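Survey of secondary and tertiary structure
Listed here are the chains, written in short residue letters.
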Amino acid sequence: MKLHELDRSKTEAIAGPIDPAAVVSGKPETRAFVTYDAPEERLCVGEWEASVGKWRVKYDEWEYCLIVSGRCVVTGDDGTVIHAGPGDAFVLEPGFTGTWEVVEPMRKHWVVRTP
């Protein structure tokens, strides 16, 4: 068995605003840190931070999210609504479309698996 330490201090942040065409409200900006990447297993792990705002999303991958701080509301086009804050976890699946709204600056841990 392999053991991997996830240390964002060893990674460079991927930062920037959300695509303006996707923004519904606010001027959200994000920073992501990849702390583990295993392309041969189609698996990637990291941390993500975002400022207040709301934008459209479309997922082609599975994403497990664990909210560390702040609050968000993820709303599916099918009417599903997830209200999440510190300690809450959820999974978004390929084909999910809707909006991601950060209502309080937030940070999350994530695990992404591509199809």
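So, here's what we can say about the structure. (Residues numbered from 1 in each chain as written. Predicted model: local features only at pLDDT ≥ 70, side-chain atom pairs only at ≥ 80, totals over all residues. Heavy atoms only, no water.)

1. What to know about the packing of aromatic side chains
For the coordinates displayed, the defined rule picks out four aromatic pairs. On the basis of an interplanar angle of 45° and a centroid distance of 5.9 Å, the ring pair of F90 and W100 is categorised as tilted. Taken together, the residues span a long stretch of sequence, with F90 in strand β8 (residues 89-92) and W100 in strand β9 (residues 97-113) at a distance of 10 residues. Taken as a pair, F90 and W100 share a single burial class, namely buried. (Phe/Tyr/Trp six-rings, centres within 6.5 Å; stacked < 30°, edge-to-face > 60°. Helix = DSSP H or I, 4+ residues; strand = E, 2+ residues; numbered from the N terminus. Buried < 20%, exposed > 50% of the residue type's maximum accessible area, 1.4 Å probe, protein only.)

2. Here's the deal with the layout of surface pockets
Taken as a whole, the largest pocket encloses approximately 270 Å³ of empty space. As for the largest pocket, its lining consists of 14 residues, of which T30, A32, W48, E63 and W110 are closest to the centre. When contributions to the lining of the largest pocket are tallied by element, the ones reaching two or more residues are β1 (14-17), β3 (29-38), β5 (53-58) and β9. (1 Å grid on protein atoms, 1.4 Å probe; cavity = no way out; pocket = protein on both sides within 12 Å on 5 of 7 lines; lining within 4 Å. Points joined across faces, edges and corners; volume = space filled by probe spheres on them.)

3. Here's the deal with unusual backbone geometry
Although it is not a glycine, R42 adopts a positive phi angle of roughly 60°. Taking relative accessible area as the criterion, R42 reaches 36% and is therefore assigned partly exposed.

4. Here's the deal with the environment of E61
Relative to the helices and strands, E61 is located in the loop between β5 and β6 (62-76). Given a relative accessible area of 21%, E61 falls into the partly exposed group. With 36 residues separating them along the chain, E61 and S25 place their C-alpha atoms 25 Å apart. With sequence-adjacent residues up to four places away left out, E61 is seen in contact with L92, E93, P94, V112, R113, T114 and P115. (Contact = heavy atoms within 4.5 Å.)

5. Description of the nonpolar core
Here is a general trend for soluble globular proteins: nonpolar side chains tend to be buried in one another's company. Within the largest apolar cluster, 22 residues are counted, with the highest numbers of intra-cluster contacts made by W48, W55, F90, W100 and M106. At the level of secondary structure, the elements contributing two or more residues to this core comprise β4 (43-50), β5, β6, β8 and β9. Residue contacts for W48: discarding those within four places in its chain leaves T30, R31, A32, W55, W100, V102, M106, R107, K108 and W110. (Core = buried A, V, L, I, M, F, W, Y, C linked by side-chain atoms within 4.5 Å.)

6. Observations concerning the pattern of salt bridges
One pass over the structure, following the stated rule, counts five salt bridges. A salt bridge links R107 to E47; the shortest N-O distance between them is 3.1 Å. Placement of R107 in strand β9 and of E47 in strand β4 is noted, with a sequence separation of 60 residues between them. A relative accessible area of 26% means that R107 is categorised as partly exposed. Residue class for E47 comes out buried when judged on its relative accessible area of 13%. Across the pair D60 and K58 runs a salt bridge whose closest N-O atoms are separated by 3.0 Å. A relative accessible area of 47% places D60 in the partly exposed class. Given a relative accessible area of 57%, K58 falls into the exposed group. (Salt bridge = Lys/Arg side-chain N within 4 Å of Asp/Glu carboxyl O.)

Function cannot be inferred from these measures alone, as they are strictly geometric.
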